[in-house]
Amino acid sequence: MEHPENNEAYKGLTVNAGVEQPSSVNPYLKRKVRRRELSVDEYVDGIRQGNITILSQAVTLVESVLPEHQAVAQEVIEKCLPYAGNSVRIGISGVPGAGKSTSIDVFGLHVLEKGGKLAVLAIDPSSERSRGSILGDKTRMEKLSVHPASFIRPSPSAGSLGGVARKTRETIILCEAAGFDKIFVETVGVGQSETAVHSMVDFFLLIQLAGTGDELQGIKRGIMEMADGIVINKADGNNIEKAQLAATQFRNALHLFPAPESGWTPQVLTYSGFYNLGVKEIWDMVYAYIAFVKANGYFEYRRNEQSKYWMYESINEQLRDSFYHHPVVAPLFRQKEQQVLQGELTSFVAAKELLDTYFRELRHD
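A short tour of the structure in this document, coming up. (Residues numbered from 1 in each chain as written. Predicted model: local features only at pLDDT ≥ 70, side-chain atom pairs only at ≥ 80, totals over all residues. Heavy atoms only, no water.)

Regarding the packing of aromatic side chains
Taken as a whole and assessed by the stated rule, the structure comprises 16 aromatic pairs. Ring pairs connect the aromatic residues F107, F184, Y271, W283 and Y287, which therefore count as one cluster. One Lys or Arg, K117, reaches over the ring of F180 and ends 4.4 Å from the middle of that ring. Across the ring face of F299, the terminal group of K294 is positioned such that the distance to the ring centre comes to 5.0 Å. (Phe/Tyr/Trp six-rings, centres within 6.5 Å; stacked < 30°, edge-to-face > 60°. Lys NZ or Arg CZ within 6 Å of the ring centre and 35° of its normal.)

Some remarks on unusual backbone geometry
Of note in this structure, K234 is not a glycine but carries a positive phi near 65°. With respect to the element layout, K234 can be found in the loop between β6 (229–233) and α8 (240–254). Given the relative accessible area of 37%, K234 is considered partly exposed. Positive phi, normally seen in glycine, also occurs at N276, with a value near 60°. (Helix = DSSP H or I, 4+ residues; strand = E, 2+ residues; numbered from the N terminus. Buried < 20%, exposed > 50% of the residue type's maximum accessible area, 1.4 Å probe, protein only.)

Quick notes on the pairing of strand β4 (residues 182–186)
Along β4, five of the five residues are buried, which leaves the element largely enclosed by surrounding structure. Here strand β1 (residues 88–94) pairs with β4 via five bridges, running parallel. In the strand pairing of β4, G91 is matched with V185. (Pairing = 2+ DSSP bridges.)

Here's the deal with the pattern of salt bridges
Counted by the stated rule, this structure contains 10 salt bridges. The residue R153 makes a salt bridge to E63 at a minimum N-O spacing of 3.3 Å. With R153 in strand β3 (residues 150–156) and E63 in helix α2 (residues 52–63), this pair connects stretches of sequence that are 90 residues apart. The class for R153 is buried, based on a relative accessible area of 13%. Classification of E63 as partly exposed rests on a relative accessible area of 26%. (Salt bridge = Lys/Arg side-chain N within 4 Å of Asp/Glu carboxyl O.)

Here it is as structure tokens:
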């Protein structure tokens, strides 16, 4: 085909070369480099030096369900154990909407004024359907999340006991080995999570609200008996009188319960997390409690009891996993389930047959 620009009549016409088409691959895109797996000693050294990146990787390792990760995690925990135990562990619970995350932001800044380092382990509720979790607590701790002496680790509850992350206790050990002398453990505030958190902290703080109806609805015997201190949040503006009335009702209710083993009488205080009112009084109470239980020996006794509790919990968990994942027993579950549903077996007989099969296989092994 003859191009007109080649014709003698168009000698003055200059045709520029076309622009070279760029590659469809971004030349600035860096190839993803696979991160090198750290050794146990590298994990431990990094944690001891306070390296937040390595601490975060170690916590991820602890939370992993892969057997090879668990093996490394347990070695890391074992080597960190001699450096742990030097912190004050505070459990913080309350109903959803009580202002736990906002309060922790304020509480954290207050305790860091005296120096030291703070780790916040926030347990985020996982969806029962998708097992997904938003992990949004960190966004509500605006000031604390940018503080150089703080470490905030939101963890999904992953359907474990009442919403408490299964590996929180091991994470506490790693944080203590990294030099964090104050640990906050925030619970979901539903179900049995409080029981598990109570078994890993030194002081259990319960956050309540006033002006939401019948205050006595918030008084549940189990959680009230666990609380070492109760605080009524949002005691500001028109809500001050309601908060004081709620505090009186809680104090009266506490008199009905048996005296705690620690010998400490739980206090009820009011404060405003949003306006930072009454926060100093809360922490004066916490420090007074810690001094009190260290003086009478209950602090060490409680730590020892917690260690014993977690030993048995670990045994129960491993036995349960071993039973449910046994190669001979696991395929029988669906069969026994159908027999129960069709009325051929009772639930108890089906359970006994499965357990008998499990124990018989263990003897053969």
